[in-house]
Amino acid sequence: GIEFIDSYVFNRVEHIRFNSTVGRYVGYTELGLKNAEAWNKGPQLGQEQGELERVCKRNAANAYRAILDKT
């Protein structure tokens, strides 16, 4: 399967991450936890979930072919 991960990093510290396998945002710092709680209730969650279908699955076959062509 395909997994979409969108990480938000500042000063080399990951504060929050969306993981399509989990299906929600997860916070890793105090600020990240607060944002994850808010973003999981807002429109951001649906937008991230749509990225898996809109971008990842649509382009997976092309990426896979490119990898095979290089091997």
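In this text the structure is predicted, and so the values were computed from the model without any measurement.

1. Describing helix α2 (residues 43–70)
Here comes step 1: Taking 1.5 Å of rise per residue, the 28 residues of α2 would be expected to cover 40 Å, and the 39 Å separating its terminal C-alpha atoms lies within 8% of that figure.
Here comes step 2: The axis of α2 is deflected most strongly, by about 45°, at Ala-60.
Here comes step 3: When we look at burial in α2, the residues that qualify are Leu-45, Glu-48, Leu-52 and Cys-56.
Here comes step 4: For α2, the secondary structure elements touched by its buried residues are β1 (5–10), β2 (13–19), β3 (24–27) and α1 (30–41).

2. Looking at the UniProt feature "domain: MHC class II beta chain N-terminal" (unreviewed entry) in the protein chain
Here comes step 1: Under the local residue numbering, the UniProt record ascribes the feature "domain: MHC class II beta chain N-terminal" (unreviewed entry) to residues 1–64.
Here comes step 2: End C-alpha atoms of residues 1–64 are separated by 12 Å, and the span's content is 53% helix alongside 27% strand.

3. Quick word on unusual backbone geometry
Here comes step 1: Despite not being glycine, Asn-11 has its phi angle at roughly 50°, a positive value.
Here comes step 2: Along the chain, the position of Asn-11 falls in the loop between β1 and β2.
Here comes step 3: Phi at Arg-12 is positive, roughly 65°, even though this residue is not glycine.
Here comes step 4: Within the element layout of this structure, Arg-12 appears in the loop between β1 and β2.
Here comes step 5: A residue is classified by how much of its surface remains accessible, and Arg-12, at 84% relative accessible area, is exposed.

Conventions adopted
Residues numbered from 1 in each chain as written. Predicted model: local features only at pLDDT ≥ 70, side-chain atom pairs only at ≥ 80, totals over all residues. Heavy atoms only, no water. Helix = DSSP H or I, 4+ residues; strand = E, 2+ residues; numbered from the N terminus. Expected span 1.5 Å × (residues − 1). Bend = angle between axes of the 7 residues up to and from the residue. Buried < 20%, exposed > 50% of the residue type's maximum accessible area, 1.4 Å probe, protein only. Contact = heavy atoms within 4.5 Å. UniProt positions renumbered as here; feature names shortened; annotations may be inferred.

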